[in-house]
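Below, each chain spelled out in residue letters.
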Amino acid sequence: GQQVMQIPQYQHVQEGEDFTTYCNSSTTLSNIQWYKQRPGGHPVFLIQLVKSGEVKKQKRLTFQFGEAKKNSSLHITATQTTDVGTYFCAGQETSGSRLTFGEGTQLTVNP
Amino acid sequence: EAGVAQSPRYKIIEKRQSVAFWCNPISGHATLYWYQQILGQGPKLLIQFQNNGVVDDSQLPKDRFSAERLKGVDSTLKIQPAKLEDSAVYLCASSLGGPAYEQYFGPGTRLTVT
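As the structure is a computational prediction, the values presented were derived from the model and not from experiment. (Residues numbered from 1 in each chain as written. Chains lettered and ligands numbered in written order. Predicted model: local features only at pLDDT ≥ 70, side-chain atom pairs only at ≥ 80, totals over all residues. Heavy atoms only, no water.)

(A) Quick look at the state of the cysteines. Residue and element names in this part refer to chain B. This model, assessed by the stated rule, comprises 2 disulfides over all chains. One disulfide in the model links Cys23 with Cys92; its S-S distance is 1.9 Å. What sets the handedness of the Cys23 and Cys92 disulfide is the S-S torsion sign, and at about -70 degrees it is left-handed. Here Cys92 lies in strand β9 (residues 88-95) and Cys23 lies in strand β3 (residues 19-24), a separation of 69 residues in the sequence. Here Cys23 and Cys92 have matching classes, each one buried. (Disulfide = S-S within 2.5 Å. Helix = DSSP H or I, 4+ residues; strand = E, 2+ residues; numbered from the N terminus. Buried < 20%, exposed > 50% of the residue type's maximum accessible area, 1.4 Å probe, protein only.)

Rendered as structure tokens:
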């Protein structure tokens, strides 16, 4: 079955440093979504990428979908303490198939 | 707009007991999902409903787990009998359409099986 892998599993940064998490799928994806889960909270949708090579920005967050639609990345510029949490990618293999979540990257930010 | 509601928020039971979780999705959302999230892992889909029909229950341990969505609105997830490895957070989510749509998650039910 489809597998979605994320690296790194943990990332500790100083406030103001940049952060990147990578997501790789064992199969080609029709779309990929990113979610953020604060400690003790529930996943909250951030963005969806659909097109090959697509790049989307949300303030300090930059999301990219690979050309082969098998990998994606999330980059945060100049992290803040409010960025703390676990970032999950979730891929959908084909239209109508389930969303498969990665294991997440847990980000901690030292002030 | 009210979010996805779940109850209870916490539940502690002994193994071999039964437990039920309730979910009320966002009004108008046709699709409802139940996920299991074990500590340190990503959410794993247990079952997906479209209105009151099951779309995907391929990862639901049907020997002990059951779920229903009566009238295409509220849903309940039941575990009977519970095992130690069922300790996890059970998340309910809903979306306007299928998995290609943004999913809205509820606060979850933290289950501890002792």
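Having seen the structure, we can now continue with the description.
(B) Structural context of the pattern of salt bridges. Going through the model one piece at a time under the given rule, you end up with 5 salt bridges over all chains. Measuring nitrogen to oxygen at the nearest pair gives 3.1 Å for the salt bridge that ties Asp56 of chain B to Arg98 of chain A. Taken together, the positions of Asp56 of chain B in strand β6 (residues 53-56) and Arg98 of chain A in the loop between β9 (85-92) and β10 (99-101) put the pair across two chains. With its nearest N and O atoms 2.5 Å apart, the salt bridge here joins Arg64 of chain B to Asp86 of chain B. Here the residue Arg64 of chain B occupies a position in the loop between β6 and β7 (65-68), and Asp86 of chain B occupies one in the loop between β8 (75-79) and β9, the gap between them amounting to 22 residues. Residue Arg64 of chain B shares its accessibility class with Asp86 of chain B, and that shared class is buried. (Salt bridge = Lys/Arg side-chain N within 4 Å of Asp/Glu carboxyl O.)

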